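So you can see what is in the structure, the chains are spelled out below.
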Amino acid sequence: MNVVLFAAGAALWPEYEAPLRRAFAEAGVAADLVTEADPARVSAIIYAPGSPLQDFTPFTRCGLVQNLWAGVERIVGNPTLTQPLCRMVDPGLTEGMVEYVTGHVLRHHLGMDRHILRAPGWDQIIPPLARERRVTVLGLGELGLACARALQALNFDVAGWSRSAKTGLPFPADHGEEGLQRVLARSDILVTLLPRTAETENLLDAQRLDWLPRGAVIINPGRGALIDDAALLAALDRGQIGHATLDVFRVEPLPDDHPFRRHPRVTVTPHIAADTRASSASRVVAENLRRLQRGEPLLHRVDLARGY
Ligand SMILES: NC(=O)c1ccc[n+]([C@@H]2O[C@H](COP(=O)([O-])OP(=O)(O)OC[C@H]3O[C@@H](n4cnc5c(N)ncnc54)[C@H](OP(=O)(O)O)[C@@H]3O)[C@@H](O)[C@H]2O)c1
């Protein structure tokens, strides 16, 4: 029997145990799911950042490290990791991200905050139609693509940007440094759904924030390190950036005294944009275990050199 070690942390075990066992049964995966095991007998590891497991060296027979999170920056650089690493692509997580992104885009598009009247006055500012609002999504992977499609379905004037050139998308997609300048220049609302890698760190620095139209809105559910914090605060203070909705931060929880918390044009959400859902994610884990057992290619394999 294959030993599958749940090393994603004791706090997640009660949430995942039953869905995993159910998904294994449904997928016809014969596996001994455990929270402790002799490393030499483990054939797959279910993992999450924050796990006490940091040394993968003794897991000599392990053919899969399945991360429960979409982001892998906290494991990808682990020098002891030689086993194949797969990230989580969970339909439930994707749905959650689409809801977060469309909700926050609509908030800014419609001027919802402005139109909740608490003070005297009757300021009728009619928002443009979605078709007149340019929204750009940086990152056209699982999440960026799903969000871009949903925004387009709402009629927004959508464009995207990614590392590699893309064809066949129903909206314009650009890539590379010059492409970045082009897409930023047409962004009334910018959504950042890039992974944290050496290349994406501080991608939005002072110069690139200036490439955005004055008053642009940024929505960042990707990773905190994508944006230079000090440059963002300066751009907000001089009106270059109209508002920033931030879900992710360099340090989490965001310290109570961080300037983002009290800035009038920053919305902080506590890394809740999209969570992995145990029921749907367990089916993804089961499918990868089934593939491992049959020697088929694993789904959502991380390129360790590329970092995502
Ligand atoms: N806040 C939350 O609750 C939450 C939840 C889940 C995920 N996330 C974040 O969302 C991120 C994206 O997830 P995903 O599933 O969509 O990832 P993914 O499928 O791996 O897609 C990543 C996208 O980013 C692009 N990219 C990577 N490096 C780039 C670079 N240097 N320049 C330009 N584009 C680059 C990729 O380009 P190519 O297409 O050319 O490869 C790809 O389009 C995760 O890494 C995580 O940080 C946040």
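All chains use their own residue numbering, which begins from 1 and follows the written sequence. Reporting of local features is limited, given that this is a predicted model, to residues whose pLDDT is at least 70; pairs of side-chain atoms are given and counted only at 80 or more, and all residues count toward the totals for whole chains, interfaces and linings. Based on all heavy atoms of the structure, the side-chain values leave hydrogens and waters out of the count.

1. A closer look at the domain arrangement of the chain
For step 1, the next point in the chain: Each domain of the chain was delimited in the assignment, giving domain 1 (2-90 + 276-294) and domain 2 (92-268).
For step 2, the next point in the chain: Domain start and end points were adopted from an automatic or database domain assignment. On a C-alpha basis, the centroid separation for the pair domain 1 and domain 2 is 33 Å.
For step 3, the next point in the chain: Taken together, the contact pairs 10 residues of domain 1 with 6 residues of domain 2.
For step 4, the next point in the chain: Buried area: the accessible surface (1.4 Å probe) lost by two parts on joining, summed over both. Together domain 1 and domain 2 conceal approximately 700 Å² of surface at their shared face, both sides included; 53% is due to carbon and sulfur atoms.
For step 5, the next point in the chain: Whenever Lys or Arg places a side-chain nitrogen within 4 Å of a carboxyl oxygen from Asp or Glu, that contact is recorded as a salt bridge. One can count 1 salt bridge joining domain 1 with domain 2.
For step 6, the next point in the chain: The closest approach of N and O atoms between Arg223 and Glu73, which form a salt bridge, is 2.6 Å.
For step 7, the next point in the chain: Of the residues assigned to the side of domain 1 that touches domain 2, the class counts are 3 nonpolar, 3 polar and 4 charged. Residue contacts follow a heavy-atom distance rule, with two residues in contact if any of their heavy atoms lie within 4.5 Å. We call Asp, Glu, Lys and Arg charged. Ala, Val, Leu, Ile, Met, Phe, Trp, Tyr, Cys and Pro are nonpolar, and the rest, Gly among them, are polar.

2. Comments concerning the nonpolar core
General note: in soluble globular proteins, nonpolar side chains tend to be found buried as a group.
For step 1, the next point in the chain: Counting residues in each nonpolar core, the largest one holds 28 residues, and the members touching the most others are Leu138, Leu209 and Leu232.
For step 2, the next point in the chain: At the level of secondary structure, the elements contributing two or more residues to this core comprise α4 (176-185), α5 (206-211), β10 (216-220), α6 (229-237) and β11 (241-246).
For step 3, the next point in the chain: In terms of residue count, the dominant contributor to this core is α6 (5 residues).
For step 4, the next point in the chain: Residue contacts for Leu209: discarding those within four places in its chain leaves Leu204, Ile218, Ala231, Leu232, Ala235, Gln240 and Ile241.
For step 5, the next point in the chain: Judged by nonpolar contacts, the second largest core, of 27 residues, contains Tyr100, Leu143, Ala150 and Val191. By convention a nonpolar core is built from buried Ala, Val, Leu, Ile, Met, Phe, Trp, Tyr and Cys residues, the set being connected through side-chain atoms within 4.5 Å. Whether a residue is buried, partly exposed or exposed follows from its accessible area with a 1.4 Å probe, protein chains only, as a fraction of its type maximum: under 20%, in between, or over 50%, in that order. Helix and strand assignments follow DSSP, with helices taken as H or I runs no shorter than four residues and strands as E runs no shorter than two, numbered in order from the N terminus.

3. Digging into the packing of aromatic side chains
For step 1, the next point in the chain: Under the pairing criterion, centres of Phe, Tyr and Trp rings, with the six-membered ring standing for Trp, must be within 6.5 Å; the plane angle then separates stacked pairs below 30 degrees from edge-to-face pairs above 60, leaving the rest tilted. Applying the stated rule across the entire model yields 4 aromatic pairs.
For step 2, the next point in the chain: Seen in terms of ring centroids, Phe6 and Tyr16 are 6.1 Å apart; in terms of plane orientation they differ by 35°. Their pairing is tilted. In this pair, Phe6 is assigned in strand β1 (residues 2-7) and Tyr16 in helix α1 (residues 13-27), connecting sequence segments 10 residues apart.
For step 3, the next point in the chain: Overall, Phe6 belongs to the buried group, its relative accessible area being 3%.
For step 4, the next point in the chain: Exposure remark for Tyr16: the relative accessible area of 3% places this residue in the buried category.
For step 5, the next point in the chain: An aromatic cluster of three or more residues is present, and its members are Phe6, Trp13 and Tyr16.
For step 6, the next point in the chain: Two conditions define a charge sitting above a ring: the NZ of Lys or the CZ of Arg must be within 6 Å of the ring centre, and it must be within 35 degrees of the ring normal. A cation over an aromatic ring shows up here: Arg306 above the ring of Tyr308, its NZ or CZ 4.0 Å from the ring centre.

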